[in-house]
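Report on the structure
Spelled out, the chains give:
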Amino acid sequence: MRKLKNSELDRLSVEDFKKSKKTPLIIVLDNIRSLNNIGSVFRTSDAFLIEKIYLCGITAKPPHKDIHKTALGSTDTVTWEYIENTIDIVEKLKQEKVKVCAIEQAENATMLNDFTVDSNTKYALVFGNEVKGVSQEVVSASDHVIEIPQFGTKHSLNISVSCGVVIWDVFTKLSKFSHNTSL
């Protein structure tokens, strides 16, 4: 087996990315402290054609060299917007019939492997602060609370890892409603 060269990866241009059909997923970052985590979320969002990222509260905004270091240009492809209060965008998305899912450890949370998606439904995934998680106000306002099953001693994942795990899982579940894996 031979590794592929970058020139063989069939990458979209920025223009083609902007024109492409997006995954019906929105990412909401609730007060993320780490600029590297923010950049990683942009990069993962680019990989799975995420519709939009909302940066909320203390979450830094591009352009910033530390975001760019991990985003590798994906801040130019993925649409994003800054909203001061996370609850404001959660309420707006719910009015638009987007299903809001807080990714958090909470009473009666649905385990990610048990979470099912509906066809023709757009989802917003809310990821929280590295220390405090998703705010209780946002958890309470969400349509679903999804927990990533964990079996070790820490029961804590980095926000960028959590984002990758959940986006991949929801992306694959949504792909089943499409004739191909690119939705």
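The following paragraphs examine the structure supplied in this document. Quick caveat, the model's predicted, so the values are computed rather than measured.

Section: the pattern of salt bridges
In total, this model carries nine salt bridges according to the counting rule given. In this structure, the salt-bridge partner of glutamate 130 is arginine 33, at a minimum N-O distance of 3.8 Å. With glutamate 130 in the loop between β6 (123–128) and α5 (136–141) and arginine 33 in the loop between β1 (23–30) and α2 (35–47), the pair connects residues that are 97 residues apart, well separated along the chain. We classify glutamate 130 as partly exposed; its relative accessible area is 26%. We note a salt bridge from glutamate 81 to lysine 52, for which the minimum N-O separation is 2.6 Å. Taken together, the residues glutamate 81 in strand β3 (residues 80–83) and lysine 52 in strand β2 (residues 50–56) connect sequence positions 29 residues apart. A single network of salt bridges, built from pairs that share partners, joins Lys65, Asp66 and Lys69.

Details of the pairing of β1
Remember that side chains alternate between the two faces of the sheet whenever the strand is regular. Burial of β1 is extensive: seven of the eight residues sit out of reach of the surface. What joins β1 to β2 is α2, and the crossover it makes is right-handed. Note that β1 and β6 share six bridges and pair parallel. Looking at β6, one finds that leucine 29 is bridged to phenylalanine 127.

Let's talk about the environment of valine 139
Looking at the secondary structure, you find valine 139 in helix α5. Exposure remark for valine 139: the relative accessible area of 11% places this residue in the buried category. In this view, valine 139 contacts Ala102, Glu104, Val134 and Val145; residues no more than four positions away in its chain are not counted.

Concerning the packing of aromatic side chains
Inspection of every chain in the model, using the stated rule, returns four aromatic pairs. Relative to tyrosine 123, the ring of phenylalanine 115 lies with its centre 5.9 Å away and its plane at 80°, an arrangement referred to as edge-to-face. In terms of burial, phenylalanine 115 and tyrosine 123 fall into one category: buried. Counting every residue linked through ring pairs, the aromatic cluster contains Phe48, Trp168 and Phe171. Just above the ring of phenylalanine 17 sits the side chain of lysine 22; from NZ or CZ to the centre is 4.8 Å.

Calculation rules
- Residues numbered from 1 in each chain as written.
- Predicted model: local features only at pLDDT ≥ 70, side-chain atom pairs only at ≥ 80, totals over all residues.
- Heavy atoms only, no water.
- Salt bridge = Lys/Arg side-chain N within 4 Å of Asp/Glu carboxyl O.
- Helix = DSSP H or I, 4+ residues; strand = E, 2+ residues; numbered from the N terminus.
- Buried < 20%, exposed > 50% of the residue type's maximum accessible area, 1.4 Å probe, protein only.
- Right-handed = clockwise from strand over helix to strand, strands pointing away.
- Pairing = 2+ DSSP bridges.
- Contact = heavy atoms within 4.5 Å.
- Phe/Tyr/Trp six-rings, centres within 6.5 Å; stacked < 30°, edge-to-face > 60°.
- Lys NZ or Arg CZ within 6 Å of the ring centre and 35° of its normal.

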